[in-house]
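Now for the letters of each chain:
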Amino acid sequence: MTKKQKKTLKRIIAAAVLTVLLALLFHFVELPWFVQLVLWLVPYLVIGHDVLRKAFMGIKNGEVFDENFLMAVATVGAIGCGEYAEGVAVMLFYQIGELFQSYAVGKSRSSITALMDIRPDSANLEAGDGSVSVVDPDDVPIGATIVVKPGEKIPLDGVVLTGESTLNTAALTGESRPRTVRPGDEVISGCVNADGVLRIRTTKIYGESTVAKILDLVENSSLKKAPVENFITKFARYYTPAVCIGALVLAVVPPLLLGNWLDWLMRALTFLVISCPCALVISIPLTFFGGIGGASKCGILVKGGNYLEALSKTGVAVFDKTGTLTKGVFKVTHTTPADGVTETELLTLAAALECKSEHPLARAVLQKAQEDNLTPAEVADFQALPGNGLTAELDGQKLAGGSLAFAQSLAAIPQETQDRAARLAEQGKTPLFFCRSGKLLGVIAVADVIKPDSPQAVRHCSYKNKNSAVYGQSKAEAIQNLIVDLREALQLAGAVGAAHRLDGNLALAVGAHLGGGLCGSFRFSRLLVQGIDGLDDHKQHKG
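Residues numbered from 1 in each chain as written. Predicted model: local features only at pLDDT ≥ 70, side-chain atom pairs only at ≥ 80, totals over all residues. Heavy atoms only, no water.

### Quick look at the pattern of salt bridges
Inference 1: The tally for this structure, following the rule as stated, stands at eight salt bridges.
Inference 2: One salt bridge in this structure joins Arg199 and Glu126, with 2.8 Å as the shortest N-O distance. Remark: Glu126 occurs in strand β1 (residues 123-126) and Arg199 occurs in strand β9 (residues 198-202); sequence separation between them is 73 residues. (Salt bridge = Lys/Arg side-chain N within 4 Å of Asp/Glu carboxyl O. Helix = DSSP H or I, 4+ residues; strand = E, 2+ residues; numbered from the N terminus.)

Right, here's the structure in full:
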C-alpha cells in the first residue's frame, strides 16, 4: 500500500471503532440530541472530511454533479434529519469502496511499471575532446556521440560508429537470440549491451526514441477507451444531474400534496444514495484498467481498453513462434561428435570453453553438461569474438567454438557435417562448431523449446471454435516442426479438436506477409488477433 492508502485505512479503522463505541453508548445511555450530534460528527469528519472538501471545490470550480457532491448531500441530509449513525455508516462504506478501488488501480499500475522497466536512467555523452560525462537521456541532442558499456541499456536510437557487440533485445522484440551489431548498424533504445563497448551516433531525441514511445503507449493506454467506457462517460453527464433533480422533486412535491415533510425528505435522501452513479461510472473503467494491469502482470501489453474489448470478437488467433509459443530459452537438442571424439568429450570441452561466456547459447551448453554430470575444466586466455565465436586455451591446446564460417577458418569441416548442420538450421536449430588445435571436435545444436502451457493456450482457443495458426521469421520447416510438436502435445492431452484447428498450411502460407496471407487463407467475419511477443513483430506485421 502507498502512504496515502495506509493513511486512509487508519482513518477507516478509527472511524469504524468510534462508530461502534458510540452505537453501544447510545444504546445504554440517553443523551440530549445536540450532544449526540457533536459526538457523531467526530467519526463523520474523520472519515468524510476529504469528501466534503472535494464536493466544495467541485461546486467552486463549476463541476457540481459528481460522486463527492452526491455523498456529501446524502450524508449531511441524513445527519440533518437526526439519522446520525446512518450518515456516518454511508460515508464509511463509501470510503472502504474507494480504498479497494485505489488499491486495485495501484496494483495494476505497478504491474505495468514492472513490465516496462526498460527506461535507461542516464546516457554517457562523449564531448569533442573525447571526455565522457553522464547526462539525462532527455539532454542528448540528435547527432551526438554516446558511449554504451557492457551491461548498460542503450539510451537512445542511433547508428553504431565503432565497436562490435551483441545486444539483448528480449525486452523489446521478444527474441531470445542476441543480435550482433557492427559499425553502421542501427540500434534502438532499451536494448542491453552484452559485451563490447559501443560508440553510437544518436538519430533521435529521447522523446522520439523507441523506448519513450513504448512507455508512452502503455502509460496512456487508459486513454484509449472502449465503446462501453465512452458510453458510460456520456451517460454520467446526464444521469447525475437527473438523479439530483429527481431527489429534489421527491423531497418537495409529494409533501406539498400529502404533507409529512420529514418522511419525504428521508425518502429523497435514500433515493439519492442508492441512485448514486459512482459504482457504475467507476466500475467499468476500473475493470478495463484492472484487465490491462492483469495482462501486464502476465507479460502482455494491451494498448487500451478498446483493444481489450475487441478480444471478445476474436475469430482467429495467430501466434508468433519465438518467445510466445516457445520459451525463448535455448536447449541442446543434438550432439554430433567428429570421428574419434566421444559425446562426453565433446560436451566437456565445449562446456569448458563456454564457461566464461554470457551468451544464451553458452548457457544451453553448460546446462546440458550439468544435466550429464560433467565437470568442465578451467580454461585460460579466454576471448569472445562478437559475431564469430569463442577461443581459449586448455592444457596448451587452443579451443574454439562458434559459427560454421568461424570454424572453417580454423579447421577442415567435412561436407557431410556441413550438410547435417544445414538441415538442423532449416529446422530452426542453431549449430555450434567446436574445434581443438585445428581439428573438428563436433557439432552441438541448440534450439528454443515449446513452453509447457503453449498447448493449453491453443486448446483454450478451440473452446470457442477459434482457429489457431503460427507465424514467424524462421524457415518454413522450423514452424512446421513446432506445429507438429504442438499437435502431438494436444493429442496426448485428449484435445484432438484443438489439434485439428491448429492450421499448419496457413502458418506456412503467411510467412512474412501476415495480413495478405491470412485474408487469402481464411474466410471469416470475426476479428483476427495476432499473438506477438515484441516490437519487431508489431512493426513487421502491423498491416
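### Overview of the nonpolar core
Inference 1: Ranked by size, the top nonpolar core spans 34 residues in total, and within it Leu399, Phe433, Phe434, Leu441, Ile444 and Val446 carry the most contacts.
Inference 2: When residues of this core are assigned to their parent elements, the largest contribution, seven residues, is made by helix α12 (residues 343-354).
Inference 3: Apart from residues lying up to four places away in sequence, Phe433 is in contact with Ala400, Gly401, Gly402, Ser403, Leu404, Ala407, Ile413, Thr417, Ala421, Leu440, Gly442 and Val443.
Inference 4: Counting 19 residues, the second-largest nonpolar core is a separate cluster that includes Ile146, Val148, Val187 and Ile200. (Core = buried A, V, L, I, M, F, W, Y, C linked by side-chain atoms within 4.5 Å. Buried < 20%, exposed > 50% of the residue type's maximum accessible area, 1.4 Å probe, protein only. Contact = heavy atoms within 4.5 Å.)

### Thoughts on the side chain of Thr391
Inference 1: If you trace the backbone, Thr391 turns up in strand β13 (residues 389-394).
Inference 2: By relative accessible area, Thr391 is classed as buried at 7%.
Inference 3: The contacts of Thr391, once residues within four sequence positions are left out, are Leu353, Asp381, Phe382, Gln383, Leu385, Lys398, Leu399, Ala400 and Phe406.

### Brief notes about the pairing of strand β15 (residues 430-436)
Side chains on a regular strand alternate between the two faces of the sheet.
Inference 1: The buried fraction of β15 is high, at six of seven residues.
Inference 2: Two strands pair when backbone bridges link them, and strand β14 (residues 397-402) and β15 are joined in this way by four bridges, in the antiparallel orientation. Bridge pairing in β15 places Leu399 opposite Arg436.
Inference 3: Bridging between β15 and strand β16 (residues 439-450) involves seven bridges; their strand directions are antiparallel. Each residue of the ladder has a partner; that of Thr430, found in β16, is Val446.
Inference 4: Counting the residues in the hairpin turn of β15 and β16 gives two residues, including Ser437, whose phi is positive at 50 degrees. (Pairing = 2+ DSSP bridges.)

### Digging into a nonpolar patch on the surface
Inference 1: Taken together, the side chains of Ile245, Leu248, Val249, Val252, Val253, Leu256, Leu257, Leu258 and Trp261 make up a nonpolar region of the molecular surface, amounting to roughly 940 Å² of accessible area.
Inference 2: Element by element, the count of residues in the nonpolar patch is highest for helix α7 (residues 227-258), at eight residues.
Inference 3: Looking at where Val253 falls in the secondary structure, it is placed in helix α7.
Inference 4: Classification of Val253 by relative accessible area gives partly exposed; the value is 39%. (Patch = residues over 30% accessible without salt bridge, like charges linked within 9 Å, V, L, I, M, F, W, Y side chains within 5 Å. Areas by Shrake-Rupley, 256 points an atom, 1.4 Å probe, with all protein chains shown as cover.)

### Section: the pairing of β9
Inference 1: Residues of β9 alternate between two faces, with Leu198, Ile200 and Thr202 buried on one and Arg199 and Arg201 left unburied on the opposite face.
Inference 2: Bridge count for strand β3 (residues 145-148) against β9 is four bridges, and the pairing is antiparallel. Bridged to Ile146 within β9 is Ile200.

### Considering the packing of helix α1 (residues 3-28) against helix α2 (residues 33-60)
Inference 1: Contact geometry of α1 with α2 gives a least axis separation of 9 Å together with a crossing angle of 160 degrees. With respect to their mutual orientation, α1 and α2 come out roughly antiparallel. Handedness of the α1/α2 crossing: left-handed. Contacts from Arg11, Ile12, Ala14, Ala15, Leu18, Thr19, Leu22, Ala23, Leu25 and Phe26 in α1 reach Gln36, Leu39, Trp40, Val42, Pro43, Val46, Ile47, Gly48, His49 and Asp50 in α2.
Inference 2: Of the residues assigned to the contact of α1 with α2, the class counts are 14 nonpolar, four polar and two charged. (Axes fitted to C-alpha atoms, helices over the stretch in contact; angles between N-to-C directions. Parallel < 35°, antiparallel > 145°, perpendicular 65-115°, else oblique. Left-handed = near helix turned anticlockwise from the far one by under 90°. Nonpolar A, V, L, I, M, F, W, Y, C, P; charged D, E, K, R; others polar.)

### Focus: the packing of aromatic side chains
Inference 1: Inspection of the entire model under this criterion finds two aromatic pairs.
Inference 2: Look at Phe26 and Trp40: their rings are 5.9 Å apart centre to centre, the planes differ by 45 degrees, and that puts the pair in the tilted class. Taken as a pair, Phe26 in helix α1 and Trp40 in helix α2 lie far apart in primary sequence, 14 residues in all.
Inference 3: Judged by relative accessible area, Trp40 falls into the buried class, the value being 5%.
Inference 4: With a centroid separation of 6.0 Å and 90 degrees between ring planes, the pair formed by Trp33 and Phe34 is classed as edge-to-face.
Inference 5: Its guanidinium or amino end placed over the ring of Trp264, Arg267 lies 4.4 Å from that ring's centre, counting from NZ or CZ. (Phe/Tyr/Trp six-rings, centres within 6.5 Å; stacked < 30°, edge-to-face > 60°. Lys NZ or Arg CZ within 6 Å of the ring centre and 35° of its normal.)

### Some words on the sheet that holds strand β2 (residues 132-135)
To summarise the sheet geometry, strands pair through backbone hydrogen bonds and adopt either a parallel or an antiparallel arrangement.
Inference 1: The six strands lie next to each other as β2-β1-β3-β9-β4-β7, forming an open sheet whose pairing is antiparallel. Looking along the sheet, the strands with just one partner apiece sit at the ends: β2 and β7 (186-187).
Inference 2: With two bridges connecting them, strand β4 (residues 158-162) and β7 associate as antiparallel partners. Pairing of Gly158 across the sheet is with Val187, part of β7.

### What to know about unusual backbone geometry
Inference 1: Within the chain, Asn373 stands out as a residue other than glycine whose phi angle is a positive 60 degrees.
Inference 2: Take Asn373: it is sitting in the loop between α13 (360-371) and β12 (380-385).
Inference 3: Positive phi outside glycine occurs at Asp381, with the angle close to 50 degrees.
Inference 4: Within the fold, Asp381 resides in strand β12.

### Notes on the packing of α12 against α13
Inference 1: Contact geometry for α12 and α13: axes closest at 9 Å, N-to-C directions at 135 degrees. Looking at the two axes, α12 sits oblique to α13. In this structure, the crossing between α12 and α13 has a hand that is left-handed. Contact residues: α12 offers Leu347, Ala350, Ala351 and Glu354, while α13 offers Ala362, Val365, Leu366, Lys368 and Ala369.

### What to know about α13
An α-helical segment advances 3.6 residues per turn. Residues three or four places apart therefore align on the same side.
Inference 1: Spanning twelve residues, α13 covers 17 Å between terminal C-alpha atoms, matching the ideal 16 Å at 1.5 Å per step.
Inference 2: When α13 is considered as a whole, its buried residues turn out to be Pro360, Leu361, Ala362, Ala364, Val365 and Ala369.
Inference 3: Looking one or two places after α13, you find Asn373, whose phi comes out positive at around 60 degrees. (Expected span 1.5 Å × (residues − 1).)

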